[in-house]
Amino acid sequence: MSTDEPVTLIALARAAGVSKTTASDALRNSGRVSEKTRRHVVAVANRLGYSPNPSARSLRRASTGAIGLHLPEVLTRSEYYMSFVFGVVDQAARESYDVTLITSGGVPTRRVDGLVLGDPLETDAVVRGLMASHVPVVTCERFTGDAEPAGVVLSDHAAMFGELLDHLHGAGARRIALLASSAVTDWGATLQRAYRDWCGGHGMPERLRDLPFGSSTEALRSTVRALLDSDPGIDALVCAPDGAAVAAVPVLRAAGRRIGDDLLLASCVDSSPLAHADPPVTAIDLRPRDAGAACARLLFDLFSGAAEQGTVRAQPIGLVKRASTGA
């Protein structure tokens, strides 16, 4: 490793023989990290001369009266992300701040005092630039790239997804398929791992199809058709991407499947169309408006010193059982 370049978190994790998340949690003294592991990671960090990125060292009192909000542009049509935006705006208004929406063109960070990034994509060049900026950054879910936010709002998606799979299994499903979101986000990767772990723990083969990020409705429906053709015995389908379950309904019906009867249908993201579908679709309620507000609140707490750099806050989520899974 060149001594002319700063030591990154990933380089530290590799040197310590742990994952990036474990290294981050050890340095923050948070998460499920043993004291022995924490001491080891800290010792390696000291030996390598590791220090957080510039934005983590530049927490300061707000001066512009505005915070920035960035979302994946391809998903701005999503009900989840629009609710997330309203949550950020609501909380900012309580603090008498404006919110600047950051597009693919970016925005000079001198115009904002801090940033909220919703489900940040490691593959997004704008996100990478924002993560390296001089202002504090709060992310909703972890950033999988080589940078650390000043704060994270995190939900236990693996546990809730396991609860959903247990519900389907309890309703009689034995051949459960997952239409997965791409693992380029922490959320997508977490759901895929949770599905594989659950299948392994229950002795069931995996029936997983990975959709590229931002896939069209037709691409989604083609994937569902191919899934049914490859395994007509599937008796439950879980759709991870927002809107995927609603889009899959016509394909399932065209295949002669009776939703809530011979095929159970569920979604990893709740929405109004799911609640009003026929039959209503079981879904995980991610509470996006609450999540957006929590991200903004953490950012303001970082400004004021009420929260320390590296803070990780839990955001509760829930499972809404409906008729599509026999509820």
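Numbering of residues begins from 1 in every chain and follows the order in which that chain's sequence is written. Thresholds applied to this predicted model are a pLDDT of at least 70 for local features of residues and 80 or more for the giving and counting of side-chain atom pairs; totals over whole chains, interfaces and linings are not thresholded and use all residues. The side-chain quantities take in all heavy atoms of the structure and omit both hydrogens and water.

Named according to an unreviewed UniProt entry, the chain is LacI family DNA-binding transcriptional regulator originating from Actinophytocola glycyrrhizae.

Draft legend 1. View of the nonpolar core. Phe84, Phe161, Leu168 and Val238 are the most contacted members of the largest nonpolar core, which has 53 residues in total. Helix numbers and strand numbers start at the N terminus; a helix is a DSSP run of H or I with at least 4 residues, a strand a run of E with at least 2. Among the elements that line this core, the one with the most residues is helix 11 (residues 288-304), at 9 residues. The contacts of Leu168, once residues within four sequence positions are left out, are Ala173, Ile176, Ala236, Val238, Leu264 and Thr325. What is meant by a nonpolar core is a set of buried Ala, Val, Leu, Ile, Met, Phe, Trp, Tyr and Cys residues, joined one to another through side-chain atoms within 4.5 Å. For the exposure calls, accessible area comes from a 1.4 Å probe over protein chains only, and a residue counts as buried if that area is under 20% of its type's maximum, exposed if over 50%, partly exposed in between. Core analysis: the next-biggest nonpolar cluster, separate from the first, contains 23 residues, Cys239, Ala244, Ala247 and Leu263 among them. Any two residues whose heavy atoms approach within 4.5 Å are treated as being in contact.

Draft legend 2. Focus on the pattern of salt bridges. By salt bridge we mean one thing: a side-chain nitrogen of Lys or Arg within 4 Å of a carboxyl oxygen of Asp or Glu. Going through the model one piece at a time under the given rule, you end up with 11 salt bridges. Where Arg175 meets Asp231, a salt bridge forms, and the shortest distance between an N and an O atom there is 2.7 Å. Within this pair, whereas Arg175 is found in the loop between helix 6 (157-170) and strand 6 (176-181), its partner Asp231 is found in the loop between helix 8 (217-230) and strand 8 (236-239), the two being separated by 56 residues in sequence. Asp231 gets classed as buried once you look at its relative accessible area, which sits at 13%. For the salt bridge of Arg257 with Asp262, the shortest nitrogen-to-oxygen distance reads 3.4 Å. The exposure class of Asp262 is partly exposed, given its relative accessible area of 25%. Among the charged side chains, a salt-bridge network with shared partners connects Glu35, Arg38 and Arg39.

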